[in-house]
Structures are given as structure tokens and as C-alpha cells.
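# Structure at a glance
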Amino acid sequence: MADSKHQGALGEVYAAKRPEEVAALYDRWSQTYDADMSAAGYRHPTICLALLARHLARGSAPLLDAGAGTGLIGEWLDIAGYPQVEALDISQGMLDQAARKGVYSALHCLALGGALPFADNTYAGIISAGVFTSGHVGAEGLDELIRICRPSGVIVLTVKNTLWDHGFAGRIAELEAQGSVTRVEETRPYVSMPGEADTVPSRGLALRVS
């Protein structure tokens, strides 16, 4: 079971109402985040890596780790053969930890959910683990990720059921109907942190951009 300090930090983040509040909470958490999430059995990064590797060719570049946190996925992408990955996160403290891992080609301190300062069709693939969840980013964050991903590129993300059941599933269906994306894989629902009190399931999605 994750310790009470970790549960308190996660609860505060989920309850946050404003982006600057989320950023400040993650700044404070950044020093112990890796150890805390490991203790909680955090599954999102592993599942996202598996989905990306299955649907995007090794060596595809550049990639964007959108919601990179301390850079867990960036390390694994580097090992798995994706050599050029940029990190985006709302928290400078988390990005400072990610920078120490030495695997990102660029670091962007930005919030998802609004306009992003990247050109259309910039990225071959985008991975966003644990971002579309309570107190973070909703379906409004999808359009910009699609815009900055290249045609035939892949977007891998996780979505918590609290969002999925309240508009996110419908938005994915709309985007498919419009021909913007194809849902190439959807995992069964799973609990993202078995060692954490929050048992609301999430799912992983792989979307191919048209």
C-alpha cells in the first residue's frame, strides 16, 4: 500500500482546480515522485510504451512525451529505440528531474488543454500517460495533440473512467466519424495504481492520425 504522504499528494493533485495549482503541487512532489509512484505500482507508463512500440516503427522521430513528469517514459523510449523525444509538462520542478535523466532533446514547460506553440504535423508520435484524468486535462486537450501529430502518426494516451464516461468516449467517436483519427487499439479497463486507494479504472488508447 502506498504511504499516506503519497496518497495525500495524489489527492491534492486530483482536487486541483487551476493549472497553476496543479503545477505548484507537482513542483513540491517532484523530489519523491519516482519512488512514490513505484511504490504504488504505477502502470500507465508501461502500458503506453507497449502500445507505442506496437503501432509506431522503431526510430520514428521526433516524439513528444506530453505530460512527461520526471521522465519515466523518456528513459524507456530511449532504451527501446526512439532516439529523439521532447518532454512537455506543466511543472518546471518535474521537468528539472526529467532533465537529469539526459534522454530528452528539448523540454517545454507548458500546460495541455489550450493552444500549443508547435507547428502542424510536427511529431511522428505523441505519448500522454496519466494526463487525461481527474483534475488535469479533459477531451479539450485532444484537438491540439492531433494537430501537431503527423498524418499516419500515433497518439497513445490513458483516460480515466471519470472522464471517459462524461464526454471523452463521445469525443473520440466524433473524431473517428470526422475521419481525424482511427482507434487502432483500446485496452481493457485497468487500475493504474494497485497500491493506491483510488480504484477508478483507466484505459489505454492508440489513435492513428489521418
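On a predicted model such as this, the values are computed, not experimentally measured, just so you know.

### Brief notes about the nonpolar core
- Among the nonpolar cores identified, the biggest contains 27 residues, and Ile126, Phe132, Leu145, Ile155 and Leu157 are the most heavily contacted of them.
- Of all the secondary-structure elements, those providing two or more residues to this core are β1 (63-66), β4 (123-132), α7 (142-148), β5 (149-160), α8 (161-178) and β7 (202-209).
- Residue contacts for Leu157: discarding those within four places in its chain leaves Cys48, Ser128, Phe132, Leu142, Phe168, Arg203, Gly204, Leu205 and Leu207.
- Among the nonpolar cores identified, the runner-up in size contains 22 residues, and Cys48, Leu77, Ala87 and Tyr104 belong to it.

### Regarding the packing of aromatic side chains
- Going through the model one piece at a time under the given rule, you end up with three aromatic pairs.
- Taking 5.3 Å as the distance between ring centres and 70° as the angle between the ring planes, the aromatic pair formed by Phe132 and Phe168 counts as edge-to-face. You can see Phe132 sitting in strand β4 and its partner Phe168 sitting in helix α8, a full 36 residues away along the chain.
- For Phe168, a relative accessible area of 1% gives the class buried.
- Taken together through their ring pairs, the aromatic side chains of Phe132, Trp164 and Phe168 make up a single cluster.

### Some remarks on the confidence of the model for the protein
- Within the protein, residue pLDDT values average 86, and 78% of them lie at 70 or more.
- Between residues 1-7, whose pLDDT stays under 50, and residues either more than four places distant or in other chains, the model counts 15 contacts.

### Observations regarding the sheet that holds strand β2 (residues 85-89)
- One open sheet holds the seven strands; their spatial order is β3-β2-β1-β4-β5-β7-β6, and the pairing between them is mixed. The open sheet has two edge strands with one neighbour each: β3 (106-109) and β6 (181-186). Between one strand axis and the next, the sheet turns by 20° as a mean value, whatever way the strands run.
- Note that β6 and β7 share five bridges and pair antiparallel.

Parameters at a glance
Residues numbered from 1 in each chain as written. Predicted model: local features only at pLDDT ≥ 70, side-chain atom pairs only at ≥ 80, totals over all residues. Heavy atoms only, no water. Core = buried A, V, L, I, M, F, W, Y, C linked by side-chain atoms within 4.5 Å. Buried < 20%, exposed > 50% of the residue type's maximum accessible area, 1.4 Å probe, protein only. Helix = DSSP H or I, 4+ residues; strand = E, 2+ residues; numbered from the N terminus. Contact = heavy atoms within 4.5 Å. Phe/Tyr/Trp six-rings, centres within 6.5 Å; stacked < 30°, edge-to-face > 60°. pLDDT = per-residue confidence, 0-100. Pairing = 2+ DSSP bridges. Axes fitted to C-alpha atoms, helices over the stretch in contact; angles between N-to-C directions.

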